[in-house]
Structure formats: structure tokens, C-alpha cells
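A look at the structure
So the chains spell out like this:
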Amino acid sequence: MGLQTKILVPFFLVLIIVGMVTHFSLLPDLVGREINSRRDLEDRYLSLLSTFLTPDIISGDLAKIHRTLDQVLAERKSWLDVVLRNPQGLRLYPLSDGELGTENIDIIDKSITFNDVDYGVLTASIDFSSVSNAVRSKFLGFEFILFFLFGSGAVIGVTLLRYWVVCPLGNLSKAAKKLATGNYYADLPPESNDEIGDFVSAFKTMREGLLEREQHMKLAREVFENSGEAIVVTDKNNKIVDANQSYVVQSGYSRQEIIGKDPSISKSEEHDAKFFDDMWQSIRNDGSWSGEIWDKKKNGEIYPKHLTITIIKDDDGEVSNYIGIFRDISDLKKMEKLKGEFIATVSHELRTPLTSIKGSLALVQHLAAKVLDDTALSMIDIAHRNSDRLILLVNDILDIEKIETGQMEFKMAPLDVSQFVNEAIDAYGSYGEDREIKFELKTPPLPITINGDKNRLMQVMANLMSNAAKFSADKGIVELSTRGDADNIQILIKDYGPGIPVEFHDKIFEKFTQSDSTDSRQKGGTGL
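Here's a quick rundown of the structure. If you're wondering where the values come from, they're calculated on a predicted model, not measured in any experiment.

On to the environment of M408. By the secondary structure assignment, M408 is in the loop between α9 (374-405) and β10 (413-416). C-alpha separation for the pair M408 and L398, spaced ten residues apart in sequence, amounts to 9.6 Å. If we ignore the near neighbours within four places in the chain, the residues touching M408 are D399, K402, I403 and R456.

Pasting the structure below:
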């Protein structure tokens, strides 16, 4: 059923109901009013007739009375009968039989009196059906005109409705159906300065937004499918709903094999339950997790990958999906291993000759003090200091390698914090003497004993104090302080140099990196 039919049918139903209610409630009232008015009129006429007949009745001129009443019956078409009775009830004018007592036939009586003397009763039987029929005929004519006007108005209204509303809405409906199939260029009605025009304008805006959104989705899909990193998408119950081609290549599973499955299908046994508990705790708290994980391919091969898992939430803030992005880092791990082995081998091979060179230089420096001039002694001293630096560099590289391979050994023992800080100042306070840099205790060290490896902690202090002196201005001050309690203790080293740039903070602990890595940098160092 079309829109115009849905509007037209109820309109005509209402019109019919209104007509029926009007016909059966208003018409009887109009008929009754017209009959009452006509009855009043006939009553006055009968009063005049009785007055007119009074002299003839008094004189007893029955012939004249009969002629008068015959003439009245002939003229008054609605009068069926007239009866004249004397005071004793005898008829002076005959009354023919009629359908007395029907709906529209009424009987009107008038007493004939003169000078308070009763001369009889004049009775008229009047048919009001003609009055009723006349009223009904007029009312039906009125109803016909009313229905004609309303019907014509409805037809005109429906025609205009079709032109102004139904056709534009029909075109919008066709455009919407085409839009649902991906056709964004269906014809639309012209815009107008009314609600339909606003609707057309809103539809165009929606179409443009959907087109732009589809273009973005196509672009996102292209990025998704052609990304070099594997991407897998799960629902809120952690069931896989999609994966890109890189995932298929790296894992060995086809899309059909993983859709609807849990990502643990590729889980290896390299990590314990706590590892995954911590991972999901981080995802729930921070919205994401990133790190290295060992996984298993379809063929059973265990391989390392760098994985990032991110939560996707809907408009209500509820979790709708999880996205996992990872890349196979097997080759990177192999390269790092080879590099580490190379560095360790070179470092081991350098340590022995460097130690020998350092000892030889120390011996030459001691024996030649009285033989060589100051220039030669200065050169030997420079060579001795550089051998120390090379040995420290080799030791740092070896220590880094031990840390990464888990071979670093710590000799833990009770350590007095106050004594430890003072010894560090005594041992490394000379780092800035050539530029008149002083190391000062800002607050007295806390008299607390901790459990630690003194030599390794001293190595930490040496690195931090050396950096603080290196980046301080001439005649500057480096402050040392401690804070905390028996459970947690902090040793702070503060300089007033330029500081570390914010953009370099996430690279501080990367090997061989410095914030100023250019060839023209003013400060030396290995970045270890």
C-alpha cells in the first residue's frame, strides 16, 4: 500500500464516519425543529380558522361552515381531516378515517369560545411527512455538496501530496536501496525550501559521509591486507574474526583455519602462566601490551616475534575487539646473537694485550721518569690513560654481554649506605678536577644498611658521576643525596647541565647511543 493510499483511505473513512454521525444525530434534530416550527404555524392558522368560524357556529349556518372547511382542506395539502364538534361532542363536520398516531401525523385541537361561552372544538389532523421529506432532501443535498467538496479537496490534496511528497520520497527510497547495494550516485529529487528539501539535503550529507567512510574503509582494508606486519583481530571474547595475509605467511595458518578460533592456537610452551597473567593485566589496565614473545607456527617451529596487543572499545566504552600486530624477529635475533658473539670475541682478544700494554706503559713511566724529558713523559702518560679507557670500554662491553646472556654474577653483602656514598665521592670526586667541578653532599647520607654488590654499585656510581661531571659547566657543582627508608632507598646524583632531551628518553638504555651522535659532538663516550 502506497503512502498516498495510506493517507487517502483514513481520510475517507473519517469523512464517512463524520457523515454518518452527522446524518444520524443532526438530521433528526433538524427534522424535529422544522416540524415543531410548522406545528406552531398550523396551530396559529387553526386559531384564526376557529375565530373565523365562530359567527357561523353561533348562527348555526352549517352549510357555510362545510363550504369553508372543504375549501380549507382543499388548500391545506398537509391537512388530512378537520372535525368540528359541538360542546356535547356531536360532529358538525364529518371526520374521515386517517392514519392517526403515526410518526408525522399530528392532531391539533382548538376550543371555540365567545364571551366565555363554549361553542365546540375544532380538530385538525395534519400530515408533517412533507416537512420531514423536505428537510431530509435539503440535508442530503447539503451532505452531497459537502462530500463533493471534501472529496474534491482530497483528490487535489492527494495529487499535490503525490507531487510534493510521495514522488520525492519514492525517489529517496530508490536512492536508499541503491545506496544499500553500494551505488552512491543514484538520482535525488531537487532540493527545496521545505521539510522534504531538508530531508534531501540530509540524505546527500549522509551519502557523502558514507562514501567518505567507505573510501576510508577501503584504504584501511588495503593497509590491513598489504601490511608487512601480521595483524589479527579478535572479538571481545578473544575469538579470531579476521587476519591479514602477513599473518597467514608468518604463522602458516590459512584464514579458514583460524576464524572463530582462540589466538592460543599458536601458543608455545616457552612462557609460564604468570607471563600471560601479567600480559592481560597490562592490557586491562593500560589498554595495550607490547613485548617479545615466543610463538609456534603451524609446522611446530618455535620462533620469536615482537607483539603489540591493543583494546578497541565501542561508543559506550565497552571492549568490542582486540588487535594483535606482530612481526617475526628471528632474523633480528640471529643478527644480535652474531653481533654479540663478535663483540665478545673481539673484547676477549683485546683484553689480554691491552692489560699487557698498560703494564708495560706503567713500567716505562716509572723507569723513564728521570731519563726522558717532559714532552716524552707526557706522551707516555697519555698512552697510559688511553689504555685505561680501552680496558674500561672492553670491560663494559663484556659486562653488557654478561647481562644480556644472564651470566652476570652479583656478590651480595651488607652495605652501609652512608659509608658507600662517601667512598664513591672519594673515589670519583676527581672526575671534574680539571674543570674545577665539585661533588657535594646535599644532605647527610642515611645511616641504613642494604644488601648489594658493592663493586657493581660502585660501577654504577662511576658512570653516573662521570656523566654528571662531563655535562656540567666549568666550576659547576654536582649534588649527591639520599632519601627513603629501611625498605626503599634512593641515591640521587644531580647536575646543572643541559639535561637529556625528552625525545631521547626512550633510547637512554640502548647500547652505543647518545643524544648527540654527530661527528661534531663536544662530549665523548661510548653510549654504554
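Here the narrative resumes.
On the basis of which strands lie adjacent, the open sheet formed by three strands has the order β11-β13-β14 and mixed pairing. Every interior strand has two partners, whereas the edge strands, β11 (438-441) and β14 (489-494), have only one. Across the sheet, the mean angle separating the axes of adjacent strands is 20 degrees when strand polarity is ignored. In terms of strand pairing, β11 meets strand β13 (residues 477-484) through four bridges, oriented parallel. Paired with F439 across the strands is V478, a residue of β13. Contacts from helix α10 (residues 417-428) reach β11, β13 and β14, with the element oriented near 170 degrees to β11.

This part covers the sheet that holds strand β2 (residues 91-93). The strand order across the open sheet formed by four strands is β2-β1-β4-β3, and the pairing between neighbours is antiparallel. Each edge of the open sheet carries a strand with a single partner, namely β2 and β3 (105-114). Each neighbouring strand pair of the sheet contributes to a mean axis angle of 25 degrees, computed without reference to strand direction.

Turning next to the layout of surface pockets. Estimates place the volume of the second largest pocket at around 430 Å³. Contributing to the lining of the second largest pocket are 23 residues, with P263, S264, W280, L307 and I309 lying nearest its centre. Mapped onto the lining of the second largest pocket, the elements with two or more residues apiece are β5 (230-235), α7 (273-286), β7 (288-296), β8 (302-313) and β9 (319-328). For the lining of the second largest pocket, the element with the most residues is β9, which contributes four residues. Residue classes in the lining of the second largest pocket are distributed as 13 nonpolar, six polar and four charged.

Reading the values: rules and limits
Residues numbered from 1 in each chain as written. Predicted model: local features only at pLDDT ≥ 70, side-chain atom pairs only at ≥ 80, totals over all residues. Heavy atoms only, no water. Helix = DSSP H or I, 4+ residues; strand = E, 2+ residues; numbered from the N terminus. Contact = heavy atoms within 4.5 Å. Pairing = 2+ DSSP bridges. Axes fitted to C-alpha atoms, helices over the stretch in contact; angles between N-to-C directions. 1 Å grid on protein atoms, 1.4 Å probe; cavity = no way out; pocket = protein on both sides within 12 Å on 5 of 7 lines; lining within 4 Å. Points joined across faces, edges and corners; volume = space filled by probe spheres on them. Nonpolar A, V, L, I, M, F, W, Y, C, P; charged D, E, K, R; others polar.

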